[in-house]
Amino acid sequence: AHRKWLDCWQNIEIADLHYFPLWEKGVFDCLQECFQDLTNIFAHYAKSIGGSSTAEDAVEMTMSEFKDLVKDVGLETKDLKFDVMCNMFIKANALNTNAVRDQRINERKSAESKQEGVSEKASKAGPKREKRAASKKDQEMDQELVLYEFCALLIRISFWRSNPYHGLHKLATTLVPFPDCLVVLLDECVLPNA
């Protein structure tokens, strides 16, 4: 069980959250303490729809299964709605953070800067369509969370649930730091209600 926890922790991507890594040990300890419960909760919701016809499906949580979890445990607040959690779901689901970062940088570029350095052969419509189609297929295939992505999602939700106005100076309130916000989420919502 400890090895499974360490494997899970090694894959969690949370380095972009507020004041990382100052709180990393506290979050590690908090999640380690309730890891078996989180594993059971994840397994329950991951196989909730359709009975999971394959073993692979039983270890992946879809968006609709996540929505069931959100409703059951009461994760939504007036300041943190499900649509924002969907964005967090997508971010936690990103397979390769470097590829996601590069994609976001490319999305910000103008049309001219995207074409710089691209040869005429590479800019023909045929290869681009194939590449876009393959990318879209990959996105459709991986719209599911595995256990470590689920844990990362809970960490993200805990921060934004406790600090919905973080970064907005006019609306900012007292910051609830890690691991306190995660403890509140787990003890008041997820563990007793799932």
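Whatever comes next refers back to the structure up there.
### Looking at helix H3 (residues 35-46)
(1) Moving on: Given a rise of 1.5 Å per residue, twelve residues ought to cover 16 Å, and the 16 Å separating the end C-alpha atoms of H3 matches this to within 8%.
(2) Moving on: Listed in full, the buried residues belonging to H3 are Phe 35, Leu 38, Thr 39, Ile 41, Phe 42, Tyr 45 and Ala 46. Buried residues of H3, viewed axially, fall in a sector of 165°; they line one side.

### Topic: the packing of helix H1 (residues 2-11) against helix H2 (residues 24-33)
(1) Moving on: Closest axis-to-axis distance for the H1/H2 pair is 11 Å, and the angle between their directions is 140°. Classed by the angle they form, the pair H1 and H2 counts as oblique. Both H1 and H2 take part in a crossing whose hand is right-handed. In contact with His 2, Trp 5, Leu 6 and Trp 9 of H1, H2 contributes Glu 24, Val 27, Phe 28, Leu 31 and Gln 32.

### Description of H1
(1) Moving on: Listing the buried residues of H1 in full gives Trp 5, Cys 8 and Trp 9. Down the axis of H1, the buried set is contained in an arc of 100°. They therefore lie on one face. Looking at H1, the residues exposed on the side facing more than 90 degrees away from the buried face are Arg 3 and Gln 10.
(2) Moving on: Buried residues in H1 make contact with H2, H3 and helix H9 (147-162).

### Considerations on the packing of helix H5 (residues 82-93) against H9
(1) Moving on: At their nearest, the axes of H5 and H9 sit 9 Å apart, and the two run at 140° to each other. It follows from the interaxial angle that H5 and H9 lie oblique. Relative to H9, the crossing made by H5 is right-handed. For the pair H5 and H9, the contacting residues are Met 85, Met 88, Phe 89, Lys 91, Ala 92 and Asn 93 in the first and Glu 149, Leu 153, Arg 156, Ile 157 and Trp 160 in the second.
(2) Moving on: Of the residues assigned to the contact of H5 with H9, the class counts are seven nonpolar, one polar and three charged.

Reading guide: rules and limits
- Residues numbered from 1 in each chain as written.
- Predicted model: local features only at pLDDT ≥ 70, side-chain atom pairs only at ≥ 80, totals over all residues.
- Heavy atoms only, no water.
- Helix = DSSP H or I, 4+ residues; strand = E, 2+ residues; numbered from the N terminus.
- Expected span 1.5 Å × (residues − 1).
- Buried < 20%, exposed > 50% of the residue type's maximum accessible area, 1.4 Å probe, protein only.
- Arc of directions from axis to C-beta.
- Axes fitted to C-alpha atoms, helices over the stretch in contact; angles between N-to-C directions.
- Parallel < 35°, antiparallel > 145°, perpendicular 65-115°, else oblique.
- Left-handed = near helix turned anticlockwise from the far one by under 90°.
- Contact = heavy atoms within 4.5 Å.
- Nonpolar A, V, L, I, M, F, W, Y, C, P; charged D, E, K, R; others polar.

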